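Report on the structure
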Amino acid sequence: MAPITGIIQNKFPDAVVFTTVDQVVNWARKSSMWPMTFGLACCAIEMMAAGGTRYDWDRFGLIPRGTPRQSDLMIVAGTVTLKMATRVKRLFEQMAEPKYVISMGSCANNGGPYWKYGYHVLKGVDEVIPVDVYVPGCPPRPEALLYGIMKLQERIQEDRVLRRHPESVGSLTGATLENR
Amino acid sequence: MDAKAIHEKLAARFGEKIAGVSLEVLEPWVVVASETIAEVAAFVKADPDLRFDNLMCLSGVDYPKEKPPRMEVVYHLYSYTHLHTFVLKVHLPREDPALPTVEGTWSVANWHEREAYDMFGVVFTGHSDLRRILLPDDWEGWPLRKDWVDPEFYNGMRVKPTQQMMERALAGEAIGVGPFDFTPPNRHAGE
């Protein structure tokens, strides 16, 4: 085996690190949220900008995946038409647990400009799939999406894997895990 | 050719089948009898002086308040040979609107006619594949008609938002939760 090289090599005394399993699991989960490559409307352009070099969501550990089977995060970026809603639901169901959903932009949040006259638009993607974080804006800037991703990371960090459930979890909505 | 000459040529060829005309507008148009539209289309494409080789757009329009109420199909034509444009219109009844397809003349009409069928329910007889193009196959009704009313549900999904949905969205805003919950990270930094 090749020797480990670098500035931290052989710098530490023998030691033991204590932490909780939840801490480690949540740290791993929140640091590698792989989103599904999936955009529905103009919000997807901002999402692509967030993934590009200027905003670079790779530094949060977000690596877009081409299949729901490998994805942890679904960013619903854009107008969810009734025709697409059935597909969105199916893609969500194909993702493996644990899975998270960010609703990006007014259209995905509640229909946005199609609230009154959009005969073909679903009034909020939370009508068909559970949403963890809503990012408002029309469309939201990449900073807003990154803020939503950080909020989701905060929430994942508070999640409980082995520990018993308290009355409520989650920093955003106070929702319990059972009804999330 | 200018619009006047195009109209004269059409009138000479088709007589009273060219029912109406307006030349003093930005895009001059004539009204063609619905059963004749396929022949007119073939003529204006083949004629060496007209040579309308490009159907730029085919649209449906609904005029429920006209007397009598009518549906229109509008053909925007362009000639790459002579670089001139012209517009053909067809008036149809609002009940069971139907007219011959022009797919045989301009094959691009295939999708345009499917769209007009999808949104207005205009039936293009002789079309090779007349089915919905944008809306789901199991959609019922013609949503761009002026008398369209949103259905309550589509496949179990609510189409018209309820008062409860409205209140939930607004309540979420009031307590800082839900679709409107967002404070930019630096917004209150100076306070």
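Predicted model, so just to flag it, every value in this text is computed and none were measured. (Residues numbered from 1 in each chain as written. Chains lettered and ligands numbered in written order. Predicted model: local features only at pLDDT ≥ 70, side-chain atom pairs only at ≥ 80, totals over all residues. Heavy atoms only, no water.)

**Examining the overall build of chain B**
When you go through chain B residue by residue, the secondary structure sums to four helices and nine strands. For chain B, the α and β elements follow one another from N to C terminus as α-β-β-α-β-β-β-β-α-β-β-β-α. The 191 residues of chain B split such that 42% are buried. In the structure as shown, chain B presents an accessible area of about 10500 Å², 53% of it carried by carbon and sulfur atoms. (Helix = DSSP H or I, 4+ residues; strand = E, 2+ residues; numbered from the N terminus. Buried < 20%, exposed > 50% of the residue type's maximum accessible area, 1.4 Å probe, protein only. Areas by Shrake-Rupley, 256 points an atom, 1.4 Å probe, with all protein chains shown as cover.)

**Here we look at a nonpolar patch on the surface**
A surface patch of nonpolar side chains, amounting to about 260 Å² of accessible area, comprises A:Val21, A:Val161 and A:Leu162. Along the polypeptide, A:Val21 turns up in helix H1 (residues 21-31). (Patch = residues over 30% accessible without salt bridge, like charges linked within 9 Å, V, L, I, M, F, W, Y side chains within 5 Å. Salt bridge = Lys/Arg side-chain N within 4 Å of Asp/Glu carboxyl O.)

**Brief notes about the sheet that holds strand S5 (residues 85-93) of chain B**
Residues and elements named next belong to chain B. The strand order across the open sheet formed by five strands is S1-S2-S5-S4-S3, and the pairing between neighbours is mixed. Every other strand in the sheet has two partners, leaving strand S1 (18-22) and strand S3 (54-63) as the edge strands with one partner each. The average angle at which neighbouring strand axes cross in this sheet is 20 degrees, direction not considered. Of the strand pairs in this sheet, S3 and strand S4 (residues 70-78) are connected by nine bridges, and their pairing is antiparallel. Note on S4: the bridge partner recorded for Ser59 is Val74. (Pairing = 2+ DSSP bridges. Axes fitted to C-alpha atoms, helices over the stretch in contact; angles between N-to-C directions.)

**Digging into the sheet that holds strand S2 (residues 100-104) of chain A**
Residues and elements named next belong to chain A. Pairing within the open sheet is parallel, and its three strands lie in the order S1-S2-S3. Pairing within the sheet leaves two strands with one partner each, and these edge strands are strand S1 (73-77) and strand S3 (133-135). Recorded for the sheet is a direction-independent mean angle of 15 degrees between the axes of neighbouring strands. Direction of pairing for S2 relative to S3: parallel, over a ladder of three bridges. Of the residues in S3, the one forming a bridge with Ser103 is Tyr134. Relative to S1, helix H2 (residues 43-51) is tilted by about 135 degrees, and along the sheet it contacts S1 and S2. Against the sheet, helix H5 (residues 142-157) makes contact with S1, S2 and S3, and its axis sits at roughly 155 degrees relative to S2, the strand it touches most. (Contact = heavy atoms within 4.5 Å.)

**A few points about the domain arrangement of chain B**
By a widely used convention, the size of an interface equals the accessible area lost when the partners come together. What the domain assignment lists for chain B is domain 1 (3-135) and domain 2 (150-183). The distance between the C-alpha centroids of domain 1 of chain B and domain 2 of chain B comes to 43 Å. (Domains from an automatic or database assignment.)

**A look at the pairing of S5(B)**
All names here are of chain B. Pairing between strand S2 (residues 29-32) and S5: four bridges, direction parallel. Opposite Trp29, over in S5, you have Val87 as the bridge partner. For S4 and S5, the ladder comprises nine bridges, and the chain directions are antiparallel. Residue pairing in the sheet places Leu77 in a bridge with Phe86 of S5.

**So, the packing of helix H1 (residues 3-14) of chain B against helix H2 (residues 37-46) of chain B**
Residues and elements named next belong to chain B. Running from N to C, H1 and H2 point in directions that differ by 130 degrees, and their axes come no closer than 12 Å. Viewed along their axes, H1 and H2 adopt a mutual orientation that is oblique. Here H1 and H2 pass one another in a crossing that is right-handed. Each of Leu10, Arg13 and Phe14 in H1 lies in contact with H2, whose residues at this interface are Glu39, Val40, Phe43 and Val44. (Parallel < 35°, antiparallel > 145°, perpendicular 65-115°, else oblique. Left-handed = near helix turned anticlockwise from the far one by under 90°.)

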